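Structure assessment
These are the residues of each chain, in order.
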Amino acid sequence: MFVVIRFRVPETEQVEFAVRLDAAVEVLSRQKGFVAAQTGRNLDDPELLALNLEFVNVGSYRRALSPYEVKLTAVPLLSQAIDEPTAYEDLAVDRTGLLP
């Protein structure tokens, strides 16, 4: 499963935000079930940043948010995310008839 978390961050604040984002990715990457992470900036709207996370399953992702170090480092940053659904199942892996 993968997670797409978007943030709206003014360009003047992005250097400081990137440091916090890197710290959040680092602490999440140590959690069981973590697969990969990617961060990026939107090409058309430079104030729109994204964090993509991949975990082996939704349970791993949810458990990864529980440890104290994650709550201390990543959760405050994640609370600044745009309020929208973030967790997705990979249909290329789990073909349940939704795709041909």
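Structure report, in brief. (Residues numbered from 1 in each chain as written. Predicted model: local features only at pLDDT ≥ 70, side-chain atom pairs only at ≥ 80, totals over all residues. Heavy atoms only, no water.)

Comments concerning the sheet that holds strand β2 (residues 34–41)
- Read from one edge of the open sheet, 4 strands run β2-β3-β1-β4, paired in antiparallel fashion. Where the open sheet ends on each side, the last strands, each with one partner, are β2 and β4 (87–88).
- Where β2 and strand β3 (residues 48–55) come together, 7 bridges link them in antiparallel fashion. Directly across from R41, in β3, lies its bridge partner L49.
- Where helix α1 (residues 14–29) meets the sheet, it contacts β1 (2–8), β2 and β3, and its direction lies at approximately 170° from that of β2. (Pairing = 2+ DSSP bridges. Helix = DSSP H or I, 4+ residues; strand = E, 2+ residues; numbered from the N terminus. Contact = heavy atoms within 4.5 Å. Axes fitted to C-alpha atoms, helices over the stretch in contact; angles between N-to-C directions.)

Quick look at the pattern of salt bridges
- By the definition in use, this model includes 5 salt bridges.
- R6 is the salt-bridge partner of E84, the closest N and O atoms lying 2.6 Å from each other. Separated by 78 residues along the polypeptide, E84 in the loop between α3 (68–78) and β4 and R6 in strand β1 bring together distant segments of the chain.
- A salt bridge links E16 to R20, with the shortest nitrogen-to-oxygen separation between them at 3.9 Å. Taken together, the positions of E16 and R20, both in helix α1 and 4 residues apart, correspond to about one turn of that helix.
- You can call E16 partly exposed: its relative accessible area is 47%.
- Look at the salt bridges and you will find they share partners, linking E26, R30 and E69 into a network. (Salt bridge = Lys/Arg side-chain N within 4 Å of Asp/Glu carboxyl O. Buried < 20%, exposed > 50% of the residue type's maximum accessible area, 1.4 Å probe, protein only.)

Examining the layout of surface pockets
- In this structure, the largest pocket occupies an estimated 160 Å³ of space.
- With 6 residues, the top contributor of residues to the lining of the largest pocket is α1.
- Residues belonging to the lining of the largest pocket are distributed by class as follows: 5 nonpolar, 3 polar and 2 charged. (1 Å grid on protein atoms, 1.4 Å probe; cavity = no way out; pocket = protein on both sides within 12 Å on 5 of 7 lines; lining within 4 Å. Points joined across faces, edges and corners; volume = space filled by probe spheres on them. Nonpolar A, V, L, I, M, F, W, Y, C, P; charged D, E, K, R; others polar.)

Structural notes on the side chain of S60
- With respect to the helices and strands, S60 occurs in helix α2 (residues 58–64).
- Beyond its immediate chain neighbours, meaning those up to four positions away, S60 contacts K32, G33 and F55.

Here we look at the nonpolar core
- Grouped together as the largest cluster of nonpolar side chains are 22 residues, with contacts concentrated most on I5, F7, L51 and L53.
- When contributions to this core are tallied by element, the ones reaching two or more residues are β1, α1, β3, α2 and α3.
- Looking at this core element by element, the count peaks at 6 residues for α1.
- For F7, the residues in contact, after removing those within four places along its chain, are F17, L21, E47, L48, L49, L51, L77, L78, Q80, A81 and I82. (Core = buried A, V, L, I, M, F, W, Y, C linked by side-chain atoms within 4.5 Å.)

Quick word on the pairing of β1
- Burial along β1 is one-sided: the face carrying V3, I5 and F7 is buried and the face carrying F2, V4, R6 and R8 is not.
- The pairing of β1 with β3 spans 7 bridges and is classified as antiparallel. Residue pairing across strands places R8 opposite L48, the latter belonging to β3.
- Pairing of β1 with β4, which is carried by 2 bridges, proceeds in the antiparallel orientation. Looking across to β4, one finds that F2 is bridged to Y88.

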